[in-house]
Structures are given as C-alpha cells and as structure tokens.
Amino acid sequence: MRIDLHTHSSVSDGTESPAELVATAAAAGLDVVALTDHDTTAGWAAAAAARPPGLTVVPGMELSCAWTGVEGPPVAVHLLAYLFDPDHPAFAAERARLRAERLSRGERIVRALAADGHPVVWEEVLARSAGGVVGRPHVARALVEAGVVGSVDEAFASLLHHRSPYYAAKADTEVLDGIALVRAAGGVPVFAHGLATSRGRVVDDAAIEAMAAGGLLGLEVDHPDHTPDQRAHLRVLADRLGLLCTGSSDYHGTNKRTPIAACTTAPDQYAALLAAGTGTTVLTD
Ligand code: AMP
Ligand code: FE
Ligand code: FE
Ligand code: ZN
C-alpha cells in the first residue's frame, strides 16, 4: 500500500482542482491520499465525487496554529487533522475565523508590496484562490506572472519570507486549542513538518510533549523539508510519547517542486490513524 497523507488542491494553495488531484494520486500509483487544504474542507465533496476506483480518499485539513509558549513572536505550527466532523460548530467557526484572517493579512501583504511599486493588485490575488483561502503562494504566483521574480521559490526567498518587510502575520489558532477542537470533532491531530527549520522557527521537544499531553496523536516524520537527522529525532520522540508517525509529500501541484508521493506513510500507522478517527469516514470502494 502506498499512502500519502498531506496534499493541497486549488481550494487552498495547490494548483490542481480536487478532481485533478485525485487523478494525479491514482496515476502516481497511490492507494490512499488525504486531501489537506489549509483551513477549509471545501474540496472534500469534489474529491469524493471524482475519486477513481481503487483509490481511498481521506478527508483532512491543515489547520494554521501557533505555539505561544516561548519568548518572542509565536511559532507557526501546522496541525494536520483527519476524519473530523466538518459540521462540529466550534471547529467550523474557528476555520471560518482563520479564513477571514487570511483575507485581511493577504490584503496587508499585497498593499505593502504595491505601495513600494511592485505590480500586484489585491483583487487579482484574491481571484486566484478558488476557495477564497488566500496564502502567500497566491501572492507569489502573481509576482511571477508580473515578471517581478522568476519562480514561486524566488518570490518566497526575496519578498515573502517571514522576515521580509512585506510579511504580515495572521492570528492563528493556539495549538492546544486547535488540538482540542480536532479531538472534540472526532478527528486525528498530527503535527505537520514539525522540525522544518527552512520555514522559520520551530518548537522544542517540551512543546511537542505539551501537545501530546493535550491530545496530539501523531507526528509527520517523513516530509520533504525534514533532514534525516530531524526525521530520526521525531521518530524517537513519537516512540517515547506514544504518537503515530506519518509520511507525506505536502504536494502543492506546480506551486512547489515536490512530486506527489515523495514521502509516504507505513500501513500500520495508517491503520492506527483510521481507528482513531470517528468524526467522518474515508471514501473508498
Ligand atoms: P501562508 O499560509 O500564507 O503563511 O503561506 C505558507 C504556504 O506557503 C505554505 O503552506 C507553503 O505552501 C508555501 N511556502 C512556504 N514557503 C515556501 C517556499 N519557500 N517556496 C514555496 N512555497 C512555500
Ligand atoms: Fe501550503
Ligand atoms: Fe504546512
Ligand atoms: Zn501543507
């Protein structure tokens, strides 16, 4: 079984529609794919409707969270959530708040760029997100198409990274609250790319221990942004804390260079994840 538990469609910041994404997953030889768009479940129905026979689709999401138990600004924590009830009222309300936060923060970034003479227009950036879930990759593509930079990677490296003068933070969910919401909705929370230092500051082991005590159920160990040492460290931590280990590509279509199925999850870990999720079911033959 080949299992990829972290992918994005154009409903958030990927480039393929949910229907195209499940076709890509099948063509890559995957048996299981999870759709984990940022802060929205809006792609679930289209992915289910387009699911090719033989492919299992796991409904999921990547929740934008923050760890505030440190000096200085909060550390961004991405929380994968699987098999939760999309209608759980408090969790649905928090997702809606995060999407609104993405809009105001995206507009701040774009207006700051435009004020400095960069040819980007907020309304045009907004129109790039099929699901209204705007992220920096949408700004990056606008900058590429305007000829300001040569690639999405270059846009992040020069103008959109978290230390850039144009960067604006969003008010993300406190991660312990996020974990509690996912669990309350019957879902399985897994800490995404937890040691990926290329993305900015990362949390320490004590924070991961606190998350585990708060109901976290897994760590994304095999991820393209993790070095072999980071993976080994997370695997030991998962073992000590009794957490699942997952592996995933974090596929974003052509917004990133990583192919789908670049990293995968072991079948026994997937089985444990399925057993822990009670809010909704996988889509399968
Ligand atoms: P945001 O959610 O708006 O803060 O943007 C973060 C998203 O940007 C992540 O989910 C990735 O999809 C993407 N991203 C972050 N860093 C890079 C990078 N260096 N190159 C390309 N995409 C990136
Ligand atoms: Fe993303
Ligand atoms: Fe992420
Ligand atoms: Zn992701």
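Since the structure is predicted, the reported quantities are computational estimates derived from the model, not experimental observations.

Student: Looking at this model, I keep getting lost on helix α8 (residues 205–213). Mind explaining?
Tutor: Three- or four-residue spacings in an α-helix give side chains the same orientation, since the helix completes a turn every 3.6 residues. Among the residues making up α8, those that are buried are A207, I208, M211 and A212. Buried residues of α8, viewed axially, fall in a sector of 140°; they line one side. On its buried face, α8 is in contact with β3 (56–67), β4 (75–82), α7 (175–184), β6 (188–191), β7 (218–222) and α9 (228–241). Just downstream of α8 lies G215, where phi reads positive at about 115°.

Student: Can you walk me through the coordination of the iron ion (ligand 2) in this structure?
Tutor: Around a metal, the ideal angle is 109.5 degrees if four donors adopt a tetrahedral arrangement and 90 or 180 degrees if six donors adopt an octahedral arrangement. Around the iron ion (ligand 2), the protein contributes the donor atoms D13 (OD), H38 (NE2) and H252 (NE2), which lie 2.1 to 2.2 Å from the metal centre. Spacing between the donor residues of the iron ion (ligand 2) along their common chain follows D-x24-H-x213-H. Distance-wise, the iron ion (ligand 3) is placed 5.5 Å from the iron ion (ligand 2). A residue pair is termed long-range when its members are at least 10 positions apart, and H38 in the loop between β2 (32–35) and α2 (44–50) and H252 in the loop between β8 (244–247) and α10 (267–276) qualify at 214 residues. Note on accessibility: H38 and H252 belong to one class, buried.

Student: When you look at the pattern of salt bridges in this model, what are you seeing that I'm missing?
Tutor: A side chain of one charge can pair with a side chain of the opposite charge when the charged atoms of the two come close. For the coordinates displayed, the defined rule picks out 14 salt bridges. Salt bridges sharing partners connect three or more residues here, namely R199, D225, D250 and K256.

Student: What is the right way to read the coordination of the zinc ion (ligand 4) from this model?
Tutor: Distances from the zinc ion (ligand 4) to its protein donors, H6 (NE2), H8 (NE2), E62 (OE) and D250 (OD), fall within 2.1 to 2.3 Å. With four donor atoms in place around the zinc ion (ligand 4) and angles of 77 to 167° between them, the coordination shape is irregular. Counting along the primary sequence, the residues that act as donors to the zinc ion (ligand 4) give the motif H-x1-H-x53-E-x187-D. The distance between the zinc ion (ligand 4) and the iron ion (ligand 2) comes to 4.5 Å. With H6 in strand β1 (residues 3–7) and E62 in strand β3, the pair connects residues that are 56 residues apart, well separated along the chain. Its relative accessible area of 0% is what places H6 among the buried residues. Relative accessible area serves as the criterion here: at 1%, E62 is assigned to the buried category.

Analysis parameters
- Within each chain, residues carry numbers counting from 1 in the order of the written sequence.
- Chain A is the first chain written and ligand 1 is the first ligand written, with later ones labelled in order.
- With pLDDT at 70 or above as the cut-off, local features in this predicted model cover only qualifying residues; side-chain atom pairs require 80 or more to be listed or tallied, and sums for whole chains, interfaces and linings still use all residues.
- To get the side-chain values, all heavy atoms of the structure are used, and hydrogens and water are removed first.
- Think of it in three bands: with a 1.4 Å probe and only protein chains considered, a residue is buried below 20% of the maximum accessible area for its type, exposed above 50%, and partly exposed in between.
- The helix count covers DSSP runs of H or I at least four residues long, the strand count covers runs of E at least two residues long, and both are numbered beginning at the N terminus.
- To be clear, the arc concerns the directions from the helix axis to the C-beta atoms.
- The contact criterion used is simple: two residues touch if any of their non-hydrogen atoms lie within 4.5 Å.
- Atoms of type N, O and S within 2.8 Å of a metal are treated as its donors, and for Na, K and Ca the window is 3.2 Å; water is not considered, so some sites may appear to be missing partners.
- Salt bridge criterion: a side-chain nitrogen from Lys or Arg within 4 Å of a carboxyl oxygen from Asp or Glu.
- Every angle between 85 and 135 degrees makes a four-donor site tetrahedral, while opposite donors more than 155 degrees apart, with all other angles between 65 and 115, make a four-donor site square planar and a six-donor site octahedral; other sites are irregular.

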